[in-house]
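Understanding the architecture of this molecule
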Amino acid sequence: MALQLYDSFTRTLRPITAAQPDGVVRYYNCGPTVYAAAHIGNFRTFIINDTIRRVLELQFGSDKVRYVRNVTDVDDKTIRQAKLEQRPLREITQKWWNKFSADCRALGCLEPHVEPAATDHIPEQINMIEVLMDKGHAYRAADGSVYFKVDSFPEYGRLSRLKERELKPGSALAAGNTGKDTASVDADEKEDGTDFALWKAWKPEDGAVKWEGPQGQDPGRPGWHIECSAMSRKHLGLTLDLHTGGVDLLFPHHENEIAQSECCNGVKFVRHWYHSEHLLVDGKKMSKSLGNLYTLDELTEMGHAPMAVRYALLAGHPRKQLNFTLDSLHAAAKALANLRQFRAKLGNQSGDTALFDPVFAALHDDLNIPGALGALFSIVNRGPDGVDAETFDRVMFAFGFDLTEPEQAVSEAPAEVTALAEKRWAAKQAKDWPTADALRGEIQAAGWTMKDRKDGYDLEPAG
Ligand code: AMP
Ligand code: ZN
């Protein structure tokens, strides 16, 4: 069985394959910007990618997948944060990088084979910019910034299927062709409004953040897009087998990466593009700018186990938006408890290794995780007879579910359940036993148990 993923470039479902004779799948996943704690929306993307990597490792062998995930440690946001805290840039980014790594570990993500940071690859980025200038794909603007000349690459816009008119200077798309960075110069200084920055000349607000620029001129810093072109080339080579990120990266970031890499290297940049969908809160994308986010710490402080967070973030189809609710964490904790109990019953028994084929078939079919979980639980519900323990463990590896994690008590019941509990407590005080019993049933139906004490009650997740 082979993993097929929807390819955003060809818009078809295609198998992931290794192009090089060594059979290694070269896999690049755009990483986080490290200026604050990543939110669980970001982690949805990274957990989905970790799952892809696990499924590929099971298919190709663990030494046949090379997974690189970068760290963006210089851009407008990181510089702004360092300035705000009056600390060196690296101090700020290192702190949040460490936090990101710790959260990834807690969420069961395997370490990337390489985790390169943009500021550790300035010469590689300068080199690419110089090649692009030499080949006539880039030019220096009046302020010393260097821009990629979008006109010079006729293929531009193929990934995102941009229409000509949408790319006209002054259009919303052209104005937005910056990504994480805001435009550093007026549109007038670019030859064309769609051109994007490869190098950003130093400005006073950048403070101490600057490096010697391309051709030894104009100190400044690299633009955001060039880092991924340079770091993927250094750590994976000219052509990647798989390149991924959240859907918001498709334009302009990935479109710009293609332009930079193909114009510089003269060969195809990426053989397979995969983009996963966003985590929403109340129908809106979870994001730092909207402030509608949860961090892992916030959830663990409420008593939720990181593994339950992983489960909840994986429970929806990766290419569909997923609305996050705290209730989904209770369901996830229950599901994991079921898996843990089932695993305990298996011991090291051997059984029918083909039993889990439907689970792998769903995973291989465009990472249909809900389908795979459905197939898994239909086996779990039938009971442990004839189930092969080792194959079950392979399935757990694919999902990244660590069942050894101790179950954490979930202290915070949702508001509806607390309201029912309050009503039941009042009914009990009034010795209205039929109402109290009916409410107990409702609380149970919501997945909670109300344990009475002399002077009050505790709410615990059922089962
Ligand atoms: P950033 O740190 O902003 O560069 O984002 C890191 C990754 O998280 C990118 O792949 C984004 O596409 C992804 N991302 C950002 N917001 C969300 C969200 N609400 N749901 C899922 N992925 C997201
Ligand atoms: Zn990137």
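Look above for the structure.
In this report, the structure presented in the accompanying data block is examined.

Definitions and cut-offs
- Residues numbered from 1 in each chain as written.
- Chains lettered and ligands numbered in written order.
- Predicted model: local features only at pLDDT ≥ 70, side-chain atom pairs only at ≥ 80, totals over all residues.
- Heavy atoms only, no water.
- Helix = DSSP H or I, 4+ residues; strand = E, 2+ residues; numbered from the N terminus.
- Buried < 20%, exposed > 50% of the residue type's maximum accessible area, 1.4 Å probe, protein only.
- Contact = heavy atoms within 4.5 Å.
- Areas by Shrake-Rupley, 256 points an atom, 1.4 Å probe, with all protein chains shown as cover.
- Donors = N, O, S within 2.8 Å, 3.2 Å for Na, K, Ca; no water.
- Axes fitted to C-alpha atoms, helices over the stretch in contact; angles between N-to-C directions.
- Parallel < 35°, antiparallel > 145°, perpendicular 65-115°, else oblique.
- Left-handed = near helix turned anticlockwise from the far one by under 90°.
- Nonpolar A, V, L, I, M, F, W, Y, C, P; charged D, E, K, R; others polar.
- Core = buried A, V, L, I, M, F, W, Y, C linked by side-chain atoms within 4.5 Å.

Looking only at helices and strands, the protein has 15 helices and 15 strands in total. Over its C-alpha atoms, taken along the principal directions, the protein stretches across nearly 80 × 50 × 40 Å. Looking at the 463 residues of the protein, the share that counts as buried comes to 55%. In the protein, once contacts between residues fewer than 6 apart in sequence are set aside, the share between residues at least 24 apart is 76%. Per element, the accessible surface of the protein, about 19,700 Å² overall, is 51% carbon and sulfur.

For a metal bound by four donors in a tetrahedral arrangement, the ideal donor-metal-donor angle is 109.5 degrees, while six donors in an octahedral arrangement ideally sit at 90 or 180 degrees. Coordination of the zinc ion (ligand 2) by the protein is provided by Cys-30 (SG), Cys-228 (SG) and His-253 (NE2), with metal-donor distances spanning 2.0 to 2.2 Å. Each donor residue of the zinc ion (ligand 2) belongs to the same chain, and together they define the spacing C-x197-C-x24-H. Within this pair, whereas Cys-228 is found in helix H6 (residues 224–236), its partner His-253 is found in helix H7 (residues 250–265), the two being separated by 25 residues in sequence. Judged on exposure class, the residue Cys-228 and its partner His-253 are both buried.

Turning our eyes to something else, we now look at the packing of helix H4 (residues 122–134) against H7. Across the interface, H4 lies against H7 with an axial gap of 9 Å and an inter-helix angle of 70 degrees. In this view, H4 runs roughly perpendicular relative to H7, as classed from their interaxial angle. For the pair H4 and H7, the sense of crossing is left-handed. Contacts from Met-128, Val-131 and Leu-132 in H4 reach Gln-260, Ser-261, Cys-263, Cys-264 and Asn-265 in H7. Looking at the contact of H4 with H7 residue by residue, the class counts come to 5 nonpolar, 3 polar and no charged.

Here we come to the nonpolar core. Counting residues in hydrophobic clusters, the biggest one holds 68 residues, and the most contacted among them are Ile-52, Leu-339, Leu-376, Phe-399 and Phe-401. Once you skip the residues sitting within four places of it in the chain, Phe-401 turns out to touch Met-307, Arg-310, Tyr-311, Leu-314, Leu-336, Leu-339, Leu-373 and Met-396.

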